[in-house]
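Listed below are the residues making up each chain.
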Amino acid sequence: DARVTQTPRDKVTEMGQEVTMRCQPILGHNTVFWYRQTMMQGLELLAYFRNRAPLDDSGMPKDRFSAEMPDATLATLKIQPSEPRDSAVYFCASGEGLRTDTQYFGPGTRLTVL
Amino acid sequence: KQEVTQIPAALSVPEGENLVLNCSFTDSAIYNLQWFRQDPGKGLTSLLLIQSSQREQTSGRLNASLDKSSGRSTLYIAASQPGDSATYLCAVAESSGNEKLTFGTGTRLTIIP
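Conventions used here
Residues numbered from 1 in each chain as written. Chains lettered and ligands numbered in written order. Predicted model: local features only at pLDDT ≥ 70, side-chain atom pairs only at ≥ 80, totals over all residues. Heavy atoms only, no water. Phe/Tyr/Trp six-rings, centres within 6.5 Å; stacked < 30°, edge-to-face > 60°. Buried < 20%, exposed > 50% of the residue type's maximum accessible area, 1.4 Å probe, protein only. Helix = DSSP H or I, 4+ residues; strand = E, 2+ residues; numbered from the N terminus. Salt bridge = Lys/Arg side-chain N within 4 Å of Asp/Glu carboxyl O. Contact = heavy atoms within 4.5 Å. Buried area = accessible area lost by both parts, 1.4 Å probe. Polar contact = N/O pair within 3.5 Å; in protein donor to acceptor, adjacent residues only side chain to side chain. Nonpolar A, V, L, I, M, F, W, Y, C, P; charged D, E, K, R; others polar.

1. A word on the packing of aromatic side chains
Scanning the entire structure with this criterion turns up eight aromatic pairs over all chains. Summarising the aromatic geometry, the rings of Phe 33 of chain A and Tyr 35 of chain A are spaced 6.3 Å apart at their centres and angled 20° between planes, so their arrangement reads as stacked. On the basis of relative accessibility, which here comes to 1%, the residue Phe 33 of chain A falls in the buried class. Look at Tyr 35 of chain A and you get buried, because its relative accessible area is 0%. With a centroid separation of 5.5 Å and 45° between ring planes, the pair formed by Phe 36 of chain B and Phe 103 of chain B is classed as tilted. Remark: Phe 103 of chain B occurs in strand 10 (residues 101–103) and Phe 36 of chain B occurs in strand 4 (residues 30–38); sequence separation between them is 67 residues. No difference in accessibility class separates Phe 36 of chain B from Phe 103 of chain B, as the two residues are buried. Clustering of aromatic rings is evident, with ring pairs tying together Phe 33, Tyr 35, Tyr 48, Phe 91 and Phe 105 of chain A together with Phe 36 and Phe 103 of chain B.

2. Topic: the pattern of salt bridges
For the structure shown, the criterion picks out eight salt bridges over all chains. As a salt-bridge pair, Arg 85 of chain A and Glu 83 of chain A come within 2.5 Å of each other at their nearest N and O atoms. Residue Arg 85 of chain A is classed as exposed on the basis of its relative accessible area, which comes to 61%. Judged by relative accessible area, which is 23%, Glu 83 of chain A ranks as partly exposed. When the shortest N-O distance is used, the salt bridge between Arg 37 of chain B and Asp 39 of chain B registers 3.0 Å. For Asp 39 of chain B, a relative accessible area of 26% gives the class partly exposed. The network of salt bridges with common partners includes Arg 64, Glu 83, Arg 85 and Asp 86 of chain A.

3. Quick word on the interface of chain A and chain B
Of the residues lining the interface, 22 residues belong to chain A; the matching set on chain B comes to 22 residues. Buried area between chain A and chain B, both sides added, is near 1700 Å², and the carbon and sulfur share of it is 50%. Along the contact surface separating chain A from chain B lie one salt bridge. Measuring nitrogen to oxygen at the nearest pair gives 3.0 Å for the salt bridge that ties Asp 56 of chain A to Lys 100 of chain B. Across the contact surface, chain A and chain B share four residue pairs in polar contact (both at pLDDT 80 or more). Split into classes, the residues belonging to the side of chain A that touches chain B amount to nine nonpolar, eight polar and five charged.

These values are about where atoms sit, not about what they do.
Okay, here's the thing in C-alpha cells:
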C-alpha cells in the first residue's frame, strides 16, 4: 500500500530555531506539493514541484521558508528562523502529474513554535 | 482569485439519514473539482473527482454533482453511518494549466448513533 510519509509527525520548537520537515512521495510520482493548514486560513498551497523542479512557490514566505527536492524520493521544507505564526500542520502530497488524477496526502507534521 | 466556500461549517445528523454538503466557487473556469475527507489528526483522502465536462460522479453511498456555470457542487451521502464523521473539503483545480488546488474551509460532519 503506497503512501506518502512525513517526518517528524510532531515538532515543538522555540522561536528563532531552524525547522526541517521531510516528505517521501509515493514511488513513481513526479509532482510534490507542500500545504499548510491552520484554523484561520484553512489549507494553503506553499510550493509545488514537478520532476524535482520548483514550479510555483508563490504561497511561501521567501525570507524564511525554503523548499527543495534533493532527489526523487525526498522533499524538504525548511523554516529559518521560525516564528510563532508558523505554527500549523504542514502536509506533503504527491501525484502522478496527470491533471485528471488526484493528489495523495501524507499524515502531516504538526509544528508548534513557542 | 478563486475563492471556495463551504456551508455549513458544521453539521450533525442522526445515523441513517441522507445528507447534502455544499461547495461554491467564484471562478467557473475550473479544470476539475474534488471532494476530500479529513479525519482528526490525519491527512486528506480523495473521495471523488469530477472533471469539468462531467455532471456527477458516484462511489458507493457517495454522489458528487457539479454545476460549473453556477459555481456549485454538492456531495450527497446516503444512509449516513457514524464512520462518516469527518471533515469534508472540496477543492478546485483551475483551467490555467497547472495542478494547483484551491480548497474550501470544510464542513465538519458528525453522525449521531
